[in-house]
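These are the residues of each chain, in order.
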Amino acid sequence: MSSGGNHQVVTVNTDFLRIAKGDRAFRAILNECALAVADGMPVVWLSRLLRRPIPQRVTGFDLIDSSCRLAIRSDIGVFLVGAAPGIADAAARELRRRHPGLRVAGVHSPPFAGDAAAEEARTVAAIKAAGRCVLFVAFGAPKQDMFIHDHLGELDVPVAIGVGCAFDVLAGTVRRAPRWMQRTGLEWLWRMSLEPSRLAHRYLVRDIPFLGSLVATSLRDARASHEAA
């Protein structure tokens, strides 16, 4: 916030890693951003297996609160982009309640259908019109992170963060998992129980097998490193 320039923050979980493995452009964004945090206990556990431990999990939800406090101290606003109609507005109201004195510079929820290029241009124009602000984008990965990467240089946003489903949680349409599930890496199970039709295939068919392969590779590499030493 104080160093000048614009900075992209990514919140990396297992799904991010799976997408990045097959998407070179997305992988480059994760590697080039100003800050990458582990938004998922499996990422923290993998870092420990590789003997390069990440201190803790940091979620997009947590970063929103931290950024709002910084925005108030820096006397700039926040801008919310994404989510279904009405969700970002409700999230903005909740952020104002949680952070008295917070200025919401704008809220914009592009429709899911229509001319994608035109909607993207309208979104960029809305952010520009709001002036200097912290930007939260809730398009889901990799779309949110690619949107920030593509437009960061033309926006006056010291910090821009892809925040996934955080607006839904703030708006109260999605309940956050109990803390014990967050700490033990079972938040995915909680989320799947709330939205089985949308998330079961992602978690059970794509992410968990991919995570298993990452663990196997990490254990093999750790063993090889130990034997070489």
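Report on the accompanying structure. (Residues numbered from 1 in each chain as written. Predicted model: local features only at pLDDT ≥ 70, side-chain atom pairs only at ≥ 80, totals over all residues. Heavy atoms only, no water.)

1. A few points about the overall build of the protein
Put simply, the test is: Secondary structure elements are defined from DSSP: runs of H or I of at least 4 residues count as helices, runs of E of at least 2 residues count as strands, and each element is numbered from the N terminus. Using C-alpha atoms as the atom set, the radius of gyration is obtained and then compared with a globule rule of 2.2 Å times the number of residues to the power 0.38. Residues are treated as being in contact if the distance between any of their heavy atoms lies within 4.5 Å. All accessibility values rest on the Shrake-Rupley procedure with a 1.4 Å probe; residue burial counts only the protein chains present in the view. Note on charges: Lys and Arg go in the positive column, Asp and Glu in the negative column, and His and the chain ends are not counted at all. Note on charges: their place is set at NZ of Lys, CZ of Arg, CG of Asp or CD of Glu.
Helix and strand content of the protein: eleven helices and six strands. Compactness check: the protein gives a C-alpha radius of gyration of 18 Å against a globular reference of 17 Å for 229 residues, within 12% of the reference. Seen along its three principal axes, the alpha-carbon backbone of the protein occupies a region of about 60 × 40 × 35 Å. Residue pairs at least 24 apart in sequence account for 71% of intrachain contacts in the protein once pairs closer than 6 positions are excluded. Accessible area of the protein: about 11900 Å², with a carbon and sulfur share of 56%. A gap of 6 Å separates the mean positions of the 29 positive and 22 negative side-chain charges of the protein.

2. Regarding the packing of aromatic side chains
Formally: Note on aromatic contacts: the rings of Phe and Tyr and the six-membered ring of Trp form a pair at centre separations within 6.5 Å, being stacked when their planes are under 30 degrees apart, edge-to-face when over 60 apart, and tilted otherwise. Burial classification: accessible surface area is computed with a 1.4 Å probe over protein chains only, and a residue below 20% of its type maximum counts as buried, one above 50% as exposed, and the rest as partly exposed.
On inspection of all chains with the given rule, the structure shows three aromatic pairs. With centroids separated by 5.5 Å and ring planes inclined at 80 degrees, the aromatic side chains of Phe 139 and Phe 147 adopt a geometry described as edge-to-face. Since its relative accessible area comes to 23%, Phe 139 is described here as partly exposed. Here Phe 147 falls in the buried class, since its relative accessible area comes to 5%. Taken together, a centroid distance of 5.9 Å and an interplanar angle of 65 degrees make the contact between Trp 188 and Tyr 203 edge-to-face. A residue pair is termed long-range when its members are at least 10 positions apart, and Trp 188 in helix α10 (residues 187-194) and Tyr 203 in helix α11 (residues 196-228) qualify at 15 residues.

3. Considering a nonpolar patch on the surface
What counts, and what does not: The patches described consist of residues with a relative accessible area above 30% and no salt bridge, like charges being joined within 9 Å and nonpolar side chains (Val, Leu, Ile, Met, Phe, Trp, Tyr) within 5 Å. For salt bridges, the criterion is a side-chain nitrogen of Lys or Arg within 4 Å of an Asp or Glu carboxyl oxygen.
Among the surface-exposed residues, Leu 204, Val 205 and Ile 208 lie close enough to one another that they form a single nonpolar patch of about 250 Å² accessible area. If you trace the backbone, Leu 204 turns up in helix α11.

4. Points about the side chain of Thr 123
Condition: Any N or O atom pair separated by 3.5 Å or less is treated as a polar contact, with the protein-specific requirement of one donor-capable and one acceptor-capable atom, and with residues adjacent in sequence counted only for side-chain atom pairs.
With respect to the helices and strands, Thr 123 occurs in helix α6 (residues 116-129). Using a relative accessible area of 1% as the deciding quantity, one classes Thr 123 as buried. At a separation of 3.3 Å, a polar atom in the side chain of Thr 123 contacts the side chain of His 108.

5. Considering the nonpolar core
Under the convention used in this document: For the purposes of this section, nonpolar cores are sets of buried Ala, Val, Leu, Ile, Met, Phe, Trp, Tyr and Cys residues that join through side-chain atoms within 4.5 Å.
The biggest cluster of nonpolar side chains holds 29 residues, and the ones touching the most others in it are Ile 64, Val 78, Leu 80, Phe 136, Val 163 and Phe 167. Where this core is concerned, the elements lending two or more residues are α4 (60-74), β3 (77-82), α5 (87-98), β5 (133-138), β6 (159-162) and α8 (166-171). In contact with Leu 80, not counting residues within four places along its chain, are Ala 88, Ala 91, Ala 92, Leu 95, Val 104, Gly 106, Val 107, His 108, Phe 136 and Phe 167. Grouped together as the second largest cluster of nonpolar side chains are 14 residues, Ile 127, Ala 130, Cys 133 and Ala 160 included.

6. Quick word on the pattern of salt bridges
It is possible for side chains bearing opposite charge to pair when their charged atoms get close. All chains considered together, the criterion is met by 14 salt bridges. Two residues, Asp 15 and Arg 18, come together in a salt bridge whose shortest N-O distance is 2.8 Å. Placement of the pair is Asp 15 and Arg 18 together in helix α1 (residues 14-22), with a separation of three residues, close to one helical turn. In this structure, Arg 18 and Asp 207 form a salt bridge, with 2.9 Å as the shortest nitrogen-oxygen distance. One end of the pair, Arg 18, is in helix α1; the other, Asp 207, is in helix α11, and 189 residues separate them in sequence. Three or more residues joined by partner-sharing salt bridges are found here, namely Asp 15, Arg 18, Arg 202 and Asp 207.

7. Brief notes about the pairing of β6
Selection criterion: Two strands are counted as paired when DSSP detects at least two bridges linking them. Looking down the strands as they point away from the viewer, one classifies a crossover as right-handed if the path from the first strand across the helix to the second runs clockwise.
Residues Val 159 and Ile 161 line one face of β6 and the alternating positions Ala 160 and Gly 162 line the opposite face, and both faces are buried. Summarising the sheet, strand β1 (residues 7-12) and β6 pair through three bridges and their orientation is parallel. Following the sheet pairing, Val 9 is matched in β6 by Ile 161. The sheet contact formed by β5 and β6 spans three bridges and is parallel. Note on β6: the bridge partner recorded for Leu 135 is Ala 160. With respect to chirality, the unit in which β5 leads through helix α7 (residues 143-151) into the neighbouring parallel β6 is right-handed.

8. Observations regarding the sheet that holds β3
Which entries qualify depends on this criterion: Fitting a line to C-alpha atoms yields each axis, with helices limited to the stretch in contact; the angle taken between N-to-C directions then spans 0 to 180 degrees.
What the six strands build is an open sheet, ordered β2-β1-β6-β5-β3-β4; its pairing is parallel. With one partner strand each, in any of the chains shown, β2 (35-38) and β4 (104-108) form the two edges of the open sheet. Strand-to-strand twist of the sheet, defined as the mean angle between neighbouring strand axes without regard to direction, takes the value 15 degrees. With four bridges connecting them, β3 and β4 associate as parallel partners. Bridge pairing in β4 places Val 81 opposite His 108. Of the strands in this sheet, β1, β5 and β6 touch α7, which is tilted by about 160 degrees from β6.

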